[in-house]
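Topology and contacts: notes
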Amino acid sequence: MKNLNFSREHIAYLKKQRNKKIIIHVSRVLILAALLGFWELFAQLKVIDPFITSSPSRVAITIGDLYKNGTLFYHIGITLAETLAGFVIAVAVGYAIAVVLWASDTVHKVLEPYIVVLNSLPKIALGPLIIIWIGTGYDAIIFMTVLVAIIVCIMNMLSGFLAVDKTKILLMKSMGANKFTTLRKLIIPASLPALMNTLKVAVGLAWIGSIMGEYIVSKAGLGYLIVYGGQVFKLDLVMTATFILCILAGGMYGIITLIEKIVNK
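Everything in this summary refers to the structure shown in the same document.

Rules behind the numbers
- Residues numbered from 1 in each chain as written.
- Predicted model: local features only at pLDDT ≥ 70, side-chain atom pairs only at ≥ 80, totals over all residues.
- Heavy atoms only, no water.
- Helix = DSSP H or I, 4+ residues; strand = E, 2+ residues; numbered from the N terminus.
- Buried < 20%, exposed > 50% of the residue type's maximum accessible area, 1.4 Å probe, protein only.
- Polar contact = N/O pair within 3.5 Å; in protein donor to acceptor, adjacent residues only side chain to side chain.
- Contact = heavy atoms within 4.5 Å.
- Axes fitted to C-alpha atoms, helices over the stretch in contact; angles between N-to-C directions.
- Parallel < 35°, antiparallel > 145°, perpendicular 65-115°, else oblique.
- Left-handed = near helix turned anticlockwise from the far one by under 90°.
- Nonpolar A, V, L, I, M, F, W, Y, C, P; charged D, E, K, R; others polar.

Counting through the fold element by element, Ser 191 comes out in the loop between helix H9 (179-190) and helix H10 (192-216). Accessibility expressed as a relative area gives 2% for Ser 191, which makes it buried. At a separation of 2.8 Å, a polar atom in the side chain of Ser 191 contacts the main-chain carbonyl oxygen of Ile 187. Each residue touching Ser 191, except ones within four places of it in the same chain, is listed here: Tyr 95, Met 157, Gly 160 and Phe 161.

Take a look at the structure:
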């Protein structure tokens with residue numbers, strides 16, 4: 001820092017920001033450790049019934065059992081592949097549809113009520129129809145994932161496009177720029193924060209969609225383990241699959257956050 005000739009005030013500010021980040025990360029770790037610690041303690045002391053709520057130690061044992069019988073990474077891989085496929089499709093198609101709606105005010109006004117209605121539909125209720133339309137394979141689960149996430153992707157990105165400064169758009173028009181040029185030179189760069197927020201929201205929705213799909217029709221995956229564990233009262237298996245889901249979702253969100261930091265530099 002000294003070689004960059006920063007002022008004392010600026011150096012103090014940077015140190016303060018660095019310390020704040022350290023405090024945030026340490027606090028997150030401590031909160032997680034406290035939650036797991038109290039969960040284990042209450043289970044051991046029978047404050048809560050470990051048969052119903054499981055415990056970190058029982059979850060660890062179940063993870064070890066799944067690893068030993070060779071099914072741990074198989075189920076993780078199935079759910080992760082379905083979630084990533086649905087996530088990518090939902091974001092890409094949602095972004096493209098948002099561009100079309102931004103480009104044509106008439107199309108936007110015509111389709112807006114239909115988008116709102118589709119967003120309000122209980123997606124789980126469409127499960128039987130999805131099975132009839134698409135079948136009982138992985139395609140149905142991916143379709144459910146896309147169905148859950150795509151409408152929010154469209155609405156978030158469209159809001160980001162419409163939030164761009166109108167005076168800048170008028171300036172582009174006054175300089176003879178067409179819709180495509182305005183989109184490429186102004187709208188897309190200016191809406192990058194909206195894209196990052198959309199990716200963050202889509203991460204959670206993609207996991208919800210894939211698990212919902214596995215609830216309806218699946219022979220493998222973490223959602224299948226949750227359903228199977230609930231049916232045979234292996235609640236340790238249910239909590240283990242849920243715990244793994246939290247780790248995977250958090251990791252995926254962390255990757256998006258890292259990408260956001262790189263983009264914002």
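Attention now goes to the packing of H10 against helix H11 (residues 222-231). At their nearest, the axes of H10 and H11 sit 8 Å apart, and the two run at 50° to each other. As the angle between them shows, H10 and H11 are arranged oblique. Read as a crossing pair, H10 and H11 show a hand that is right-handed. Between H10 and H11, the contacting residues are Ile 211, Glu 214 and Tyr 215 on the first element and Leu 222, Gly 223, Tyr 224, Ile 226 and Val 227 on the second. For the contact of H10 with H11, the class distribution of residues is six nonpolar, one polar and one charged.

Moving on: unusual backbone geometry. Phi at Ser 54 takes a positive value of approximately 60°, unusual for a residue other than glycine. Tracing the backbone shows Ser 54 in the loop between helix H2 (50-53) and helix H3 (56-68). Phi at Phe 233 is positive, roughly 60°, even though this residue is not glycine. Summarising the element assignment, Phe 233 is placed in the loop between H11 and helix H12 (235-264). Owing to a relative accessible area of 56%, Phe 233 belongs among the exposed residues under this scheme.

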